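If you want the building blocks of each chain, they are given just below.
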Amino acid sequence: MQRAITLIAVAALLSACSQQEAAKTDSSKVAQAGTPGSASSASSAASAASFDPTTHVAVVHAKDFAFDAPDTVTAGWTQFHLVNDGPNLHHVQLVRLDSGKTAQDLGAALKNPGPPPRWAVFVGGPNAPSPGTESDATVDLRPGNYVVMCMVDIPDHVPHFAKGMIRPLTVVAGKAAPAEEPTADATVTLSDYKFDVQGDLTAGKHTIKVQDAGPQPHEMEIVRLAPGKTLKDLAAWMNAPNGPPPGDALGGVDALVPGVSPAYAMINFTPGHYALLCFVPDMKDGKPHVDHGMVKEFEVK
Ligand SMILES: [Cu+2]
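Here is a short report on the structure shown in this document. (Residues numbered from 1 in each chain as written. Predicted model: local features only at pLDDT ≥ 70, side-chain atom pairs only at ≥ 80, totals over all residues. Heavy atoms only, no water.)

1. Section: the nonpolar core
Side chains of nonpolar character tend, in soluble globular proteins, to be buried together. Ranked by size, the top nonpolar core spans 66 residues in total, and within it Leu94, Leu141, Ile208, Met220, Ile222 and Phe269 carry the most contacts. No other element matches strand E15 (residues 247-256), which puts 5 residues into this core. Both domains that furnish three or more residues to this core are identified here as domain 1 (2-35 + 48-172) and domain 2 (186-300). Not counting residues within four places of it along the chain, the set of residues in contact with Ile222 comprises Ile208, Asp248, Ala249, Leu250, Gly251, Gly252, Ile267, Phe269, Tyr274, Ala275 and Leu276. Within the second largest apolar cluster, 7 residues are counted, among which are Val223, Leu231, Ala275 and Leu277. (Core = buried A, V, L, I, M, F, W, Y, C linked by side-chain atoms within 4.5 Å. Buried < 20%, exposed > 50% of the residue type's maximum accessible area, 1.4 Å probe, protein only. Helix = DSSP H or I, 4+ residues; strand = E, 2+ residues; numbered from the N terminus. Domains from an automatic or database assignment. Contact = heavy atoms within 4.5 Å.)

Structure representation (structure tokens):
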């Protein structure tokens, strides 16, 4: 079974790579992608991916099991707006590939347990919103070759990148003025194995700075539990997702490695019972960090 999954993953990666070769990278393409209706894929404009080099906003659509995402964005602070067209949970994990490595190299490396290779730099991205909803995160990108991938493994424990949710993204130097780093009103520091929250997560809109103090990679996923539901209910549903989920996923920031720029999640809280969770597999035992206690519950009044 594991072998079959691996072969599917490699096939998906090879396909992603040929797309990369086919996509010609130049700044005119970036400008075109930011002009609604001018791109060759204008027939699907209502649900199309885009990148606007003036606002530095990239729109990505996710569905079972593919991304619609821009091929090229410009460097600097970039807001990724993820629209989850469902029916399952999806997120956007951005990974920079250094040292000339390719998506195939990443696929080969992900077959092995343990820490990701140094050349695969996880820089965050918008974490998973519930199907039919959206999430936003701003990340700092330097020029280079990246992949956009989904590592969610619900409903059958097979990560979605193995089903095709991986595609190349090229980051080029831009001509327009770079965006400024967002201003946060709360900061969450990730470490082994806890969330340290500074600031008040009250009802309303917040920009949350998320940084990884290490030593391992970590993420922040925000879930609003349904009335009367607990983290046990959430764990049971994730293991066997039968019936409605016991809460709503609001997004957050996908995995960051220590040493990269922080990422910023834009979240609108309504009153309720929430949890911050990290599902990144542990370097030593492969269990998700939530099983090592990396979860924080809080209430918004
Ligand atoms: Cu997915």
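Back to the write-up after that little detour.
2. Considering the pattern of salt bridges
Under the criterion given, the structure shown has 3 salt bridges. The shortest N-O distance in the salt bridge between Lys163 and Asp156 comes to 2.7 Å. A residue is classified by how much of its surface remains accessible, and Lys163, at 27% relative accessible area, is partly exposed. (Salt bridge = Lys/Arg side-chain N within 4 Å of Asp/Glu carboxyl O.)

3. Thoughts on the environment of Ala213
Position of Ala213 among the secondary structure elements: in the loop between strand E13 (204-212) and strand E14 (218-225). On the basis of relative accessible area, Ala213 is assigned to the exposed category, the value being 54%. With sequence-adjacent residues up to four places away left out, Ala213 is seen in contact with Thr189, Leu190 and Ser191.

4. A word on helix H3 (residues 103-110)
For H3, every residue scored as buried is listed here: Ala103, Leu106, Gly107 and Ala109. Viewed end-on, H3 has its buried residues packed into an arc of 165°, placing them on one side of the element. (Arc of directions from axis to C-beta.)

5. Examining the packing of aromatic side chains
As enumerated under the stated definition, the model contains 4 aromatic pairs in all. Between Phe269 and Tyr274, the ring centres sit 5.1 Å apart and the planes meet at 85°, which makes this aromatic pair edge-to-face. Exposure class is identical for Phe269 and Tyr274. Each is buried. With a centroid separation of 5.5 Å and an interplanar angle of 15°, the aromatic rings of Tyr274 and Phe298 are classed as stacked. Taken together, the residues Tyr274 in strand E17 (residues 272-277) and Phe298 in strand E18 (residues 295-300) connect sequence positions 24 residues apart. (Phe/Tyr/Trp six-rings, centres within 6.5 Å; stacked < 30°, edge-to-face > 60°.)

6. Observations concerning the sheet that holds E17
Strand order in this open sheet of 4 strands is E15-E14-E17-E18, and the pairing throughout is antiparallel. Because the sheet does not close on itself, it has two edges, and the strands there are E15 and E18. Mean inter-strand twist for the sheet, computed between neighbouring axes without regard to direction, equals 15°. Bridging between E14 and E15 involves 7 bridges; their strand directions are antiparallel. (Pairing = 2+ DSSP bridges. Axes fitted to C-alpha atoms, helices over the stretch in contact; angles between N-to-C directions.)

7. Some thoughts on the sheet that holds strand E6 (residues 93-97)
Strand order in the open sheet formed by 5 strands is E4-E10-E9-E6-E7, with mixed pairing between adjacent strands. At either margin of the open sheet sits one strand with a lone partner, and together these are strand E4 (72-74) and strand E7 (120-122). Each strand of the sheet is rotated relative to its neighbour by a mean of 35°, with strand direction disregarded. Across the sheet, H3 lies against E6, E7 and strand E9 (144-149), angled at about 55° from E9, the strand it touches most.

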